[in-house]
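For reference, the chains in residue letters:
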Amino acid sequence: MASQDSARPAAGRTALVVKVPAAEPLVGPWRQRLDPAAATGVPAHVSVLYPFLDPARIDDTVVGALREALGAHAPFEIGFARCGRFPGMLHLVPEPDGPLRAITADVFGRWPEAPPYRGRYADAVPHLTVAYSADPAELDAVEADLAGGLPLAVRVTEVQLVVWDGARWHDAQTFPLLGRDR
């Protein structure tokens, strides 16, 4: 969700995420040290859409539309076999990323006022953040450590709506993926 160099968001921010608990034993210790989001209740995850809507806008109509949009997607398998990097950040690469991109596109298509990462990036690449560091050698060490625990295989069956209260992220709603394979 929010990057290390950004200020803590104001209370009331929301996000749609795919939690990846199977990655916690591998990435959790590194995230606790090198990803400030971990200390705010953010588990290992891949963001579907961050930020989403202000919580005051998330009424029964929005929840119903999310249930319909997300429920149309079938559960799917992804693997994490390698690391990737963005400037100052190490992440795990979900492959294939097509199903994650499709979910993001569907949600953004319904709420174009909520572009991924506020439209900051031309391509909102799906990823599981592990560590932030300005020191490439530190990221090299983390990557070398992770290599022994990869690959990971994950079945994605739901998307979680999470809400920021100004200090921590909390689960608000779970949306199962119920559709048939596309």
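Parameters at a glance
- Residues numbered from 1 in each chain as written.
- Predicted model: local features only at pLDDT ≥ 70, side-chain atom pairs only at ≥ 80, totals over all residues.
- Heavy atoms only, no water.
- Axes fitted to C-alpha atoms, helices over the stretch in contact; angles between N-to-C directions.
- Helix = DSSP H or I, 4+ residues; strand = E, 2+ residues; numbered from the N terminus.
- Parallel < 35°, antiparallel > 145°, perpendicular 65-115°, else oblique.
- Left-handed = near helix turned anticlockwise from the far one by under 90°.
- Contact = heavy atoms within 4.5 Å.
- Nonpolar A, V, L, I, M, F, W, Y, C, P; charged D, E, K, R; others polar.
- Pairing = 2+ DSSP bridges.
- pLDDT = per-residue confidence, 0-100.
- Phe/Tyr/Trp six-rings, centres within 6.5 Å; stacked < 30°, edge-to-face > 60°.
- Buried < 20%, exposed > 50% of the residue type's maximum accessible area, 1.4 Å probe, protein only.

1. A look at the packing of helix α2 (residues 60-71) against helix α3 (residues 98-110)
(1) Moving on: Direction vectors running N to C along α2 and α3 enclose 150 degrees, while the axes themselves pass 10 Å from each other. With respect to α3, the element α2 is oriented roughly antiparallel. Two packed elements cross with a definite hand, and for α2 against α3 that hand is right-handed. From α2, Ala65, Leu66, Glu68, Ala69 and Leu70 reach across to α3, where they touch Ile103, Val107 and Arg110.
(2) Moving on: Within the contact of α2 with α3, the residues separate by chemical class into 6 nonpolar, no polar and 2 charged.

2. Looking at the sheet that holds strand β5 (residues 128-132)
Remark on secondary structure: sheet strands pair via backbone hydrogen bonds, oriented parallel or antiparallel.
(1) Moving on: In spatial order, the strands read β5-β4-β3-β6; together these 4 strands make up an open sheet with antiparallel pairing. The open sheet has two edge strands with one neighbour each: β5 and β6 (152-156). On average, each strand axis in the sheet is tilted by 35 degrees relative to the strand beside it, whichever way the strands run.
(2) Moving on: Sheet analysis places strand β4 (residues 89-95) next to β5, joined by 4 bridges and oriented antiparallel. Residue pairing across strands places histidine 91 opposite threonine 129, the latter belonging to β5.

3. Let's talk about the confidence of the model for the chain
(1) Moving on: For the chain, per-residue confidence averages 93 on the pLDDT scale, and residues scoring 70 or more make up 93% of the total.
(2) Moving on: Here residues 2-6 is modelled with pLDDT under 50, and outside its nearest four sequence neighbours on either side it reaches 8 contacts, counting other chains as well.

4. Brief notes about the packing of aromatic side chains
(1) Moving on: This structure, assessed with the given rule, holds 5 aromatic pairs.
(2) Moving on: Aromatic side chains tyrosine 50 and tryptophan 169 sit 6.1 Å apart centroid to centroid with 65 degrees between the ring planes, which places their arrangement in the edge-to-face category. Of this pair, tyrosine 50 sits in the loop between β2 (45-49) and α2 while tryptophan 169 sits in strand β8 (residues 169-176), and the two are 119 residues apart along the sequence.
(3) Moving on: Overall, the relative accessible area of 5% leaves tyrosine 50 in the buried class.
(4) Moving on: Between the aromatic rings of phenylalanine 52 and tryptophan 111, the centroid separation amounts to 5.3 Å while the plane-to-plane angle is 85 degrees, which identifies the pairing as edge-to-face. A residue pair is termed long-range when its members are at least 10 positions apart, and phenylalanine 52 in the loop between β2 and α2 and tryptophan 111 in the loop between α3 and β5 qualify at 59 residues.
(5) Moving on: The exposure class of phenylalanine 52 is buried, given its relative accessible area of 7%.
(6) Moving on: Taking relative accessible area as the criterion, tryptophan 111 reaches 7% and is therefore assigned buried.
(7) Moving on: Through a chain of ring-to-ring contacts, the aromatic side chains of Tyr50, Tyr117, Tyr121, Trp164 and Trp169 assemble into a single cluster.

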